[in-house]
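# What the coordinates show
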Amino acid sequence: MRPVRYRAGDHRTDAPMLRPAPTRSRPSRPAVDGPTVVRLLQQYYSAAADVRRGVCLLRAGAYDQASQAFLRAGRVRNADRSLPAYLAACLVAKEEFSAAAQELAKLEESQTTQVSARVRFAYVLQAAGRPQEAINLLRNALRARPEAAELHFHLGTLLASQESYDEAELRFTQAVNLDQAHPDAFVSLAMCCAARGAAGEALTYLQKAQAMRPHDARIGLLLAQGARSMRQQGQVPAVRTVMPVEPAPLDPQGIAELSRVIEAEPDFVDAFLSLPLGAVDEQVFAMLLAVLQLALERQPEHAELHYHCGRVLSRLGRSREAIAATERAVTIHPRFVHALIELGRLYQQTDRLADATTRLEQAVAAGADFADVHFMLGNLYREHREIARARSAYRRALTLNEDYEEARVALQALPA
């Protein structure tokens with residue numbers, strides 16, 4: 001195995017990413033539609049299947065085929081994360097690096113001792129072509145916090161980027177001694193071992209990392225490459241692996257990440273709900289519901305979130321809860337046209353025809369002069385034997401859409 005070449009940003013940390021101050025009320029985000037959602041989900045599940053296939057091939061000693069499976073999985077960015085975290089990462093627009101650097105510089109000037117701030121500022125310095133300053137920054141931080149595994153890990157990463165592998169290995173060793181649940185430190189330590197030709201040690205550390213993060217295609221690939229390298233040297237690699245379970249969508253951290261995205265731009269939910277039945281399984285909508293409910297805990301008076309929550313509940317077949325959520329949206333925003341129309345549909349589906357009629361009439365009064373709304377009203381009036389009103393509603397639908405064949409047939413079928 002060859003040693004890893006580290007770059008600024010090639011690190012993970014649980015600390016929250018510092019973001020530049022927004023310049024608009026809503027951040028710019030990429031347009032997302034149904035086909036895009038289907039593509040993202042297909043990529044995610046395909047990558048997960050490739051990782052599981054790679055682990056099976058590793059166990060069978062088919063290291064070349066395992067490497068190919070892990071390489072395919074690795075082409076899908078963030079696929080080692082939970083489904084909501086993956087979707088959040090795909091949907092969030094990239095922040096401006098210069099603005100982030102300015103924000104980090106302010107933190108450094110304020111003499112903050114927060115580990116994550118020091119780490120991030122060190123990478124900014126390295127990206128600016130000042131690697132020695134970055135290294136010195138983390139050395140100084142370690143004098144104050146010698147027990148901080150993250151500082152040892154990131155100092156090791158910067159040292160490795162300067163090819164100071166001996167000291168980097170010492171830092172990674174210290175990081176794993178302080179934090180036995182640090183897969184990235186184990187991977188980096190394995191790479192240092194490989195750089196000095198200790199393939200067996202490298203494989204041991206990689207196996208520990210893979211056991212902690214079995215969904216990670218990169219770790220699986222390194223493990224396959226390490227085992228193949230040992231075999232080529234005439235050694236017999238003893239590879240032990242953990243099989244990743246099926247992706248679990250209800251991951252609390254991922255749910256929180258995606259809820260922030262949808263809280264800022266609730267219309268993302270439309271992309272999921274526009275998909276036909278069967279295109280996405282129930283598990284995905286259960287995830288969406290959890291995301292929306294978490295967002296509503298932060299913003300209980302957000303009418304649009306209640307509306308989308310109702311639509312997801314309806315998709316899950318929970319009509320009574322869907323009505324309650326959508327009614328809450330209308331309580332907050334009485335002229336919320338889309339919520340009023342949705343209530344009309346929900347009441348009609350549950351045989352509450354009088355309530356359906358009331359809500360659709362309110363929608364029209366609020367500006368929903370749409371052909372399909374008038375058609376729905378025409379059907380309801382016909383059920384109530386209000387023939388004149390039904391005729392008027394169908395005619396209005398045809399005025400708005402002269403090709404509306406269902407409205408034309410319904411109008412012709414009315415008694416004289």
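Residues numbered from 1 in each chain as written. Predicted model: local features only at pLDDT ≥ 70, side-chain atom pairs only at ≥ 80, totals over all residues. Heavy atoms only, no water.

### Structural notes on the overall build of the chain
The secondary structure content of the chain amounts to 21 helices and 0 strands. Burial analysis of the chain (416 residues in total) assigns 48% to the buried set. Expressed as a percentage of contacts within the chain between residues at least 6 apart in sequence, the contacts between residues at least 24 apart total 62%. When the accessible surface of the chain is totalled, it reaches about 20700 Å², and 50% of it is carbon and sulfur. (Helix = DSSP H or I, 4+ residues; strand = E, 2+ residues; numbered from the N terminus. Buried < 20%, exposed > 50% of the residue type's maximum accessible area, 1.4 Å probe, protein only. Contact = heavy atoms within 4.5 Å. Areas by Shrake-Rupley, 256 points an atom, 1.4 Å probe, with all protein chains shown as cover.)

### Overview of unusual backbone geometry
In this structure, D351 takes a positive phi of about 65° despite not being glycine. In the Ramachandran plot, R385 falls in the positive-phi region, its phi being about 60° despite a non-glycine side chain. Examined against the element boundaries, R385 turns out to sit in the loop between α19 (371-383) and α20 (387-400). Look at R385 and you get exposed, because its relative accessible area is 73%.

### Brief notes about the pattern of salt bridges
Scanning the model with the defined rule gives 23 salt bridges in all. The salt bridge partner of R213 is D216, with a shortest N-O separation of 3.1 Å. With respect to burial, R213 and D216 carry one shared label: buried. Across the salt bridge formed by R389 and E361, the nearest N and O atoms sit 3.0 Å from each other. Highlighted residues: R389 in helix α20 and E361 in helix α18 (residues 353-365), separated in sequence by 28 residues. What emerges from the salt-bridge pattern is a single network uniting D50, R53 and R72. (Salt bridge = Lys/Arg side-chain N within 4 Å of Asp/Glu carboxyl O.)

### Quick notes on the packing of α18 against α19
The geometry of α18 relative to α19 is characterised by a closest axis approach of 10 Å and an angle of 145° between their N-to-C directions. Handedness of the crossing formed by α18 with α19: left-handed. Side by side, α18 and α19 meet where L353, A356, T357, L360, E361 and V364 of the first sit next to V373, H374, M376, L377, L380, Y381 and E383 of the second. Residues of the contact of α18 with α19, tallied by class, amount to 9 nonpolar, 2 polar and 2 charged. (Axes fitted to C-alpha atoms, helices over the stretch in contact; angles between N-to-C directions. Left-handed = near helix turned anticlockwise from the far one by under 90°. Nonpolar A, V, L, I, M, F, W, Y, C, P; charged D, E, K, R; others polar.)

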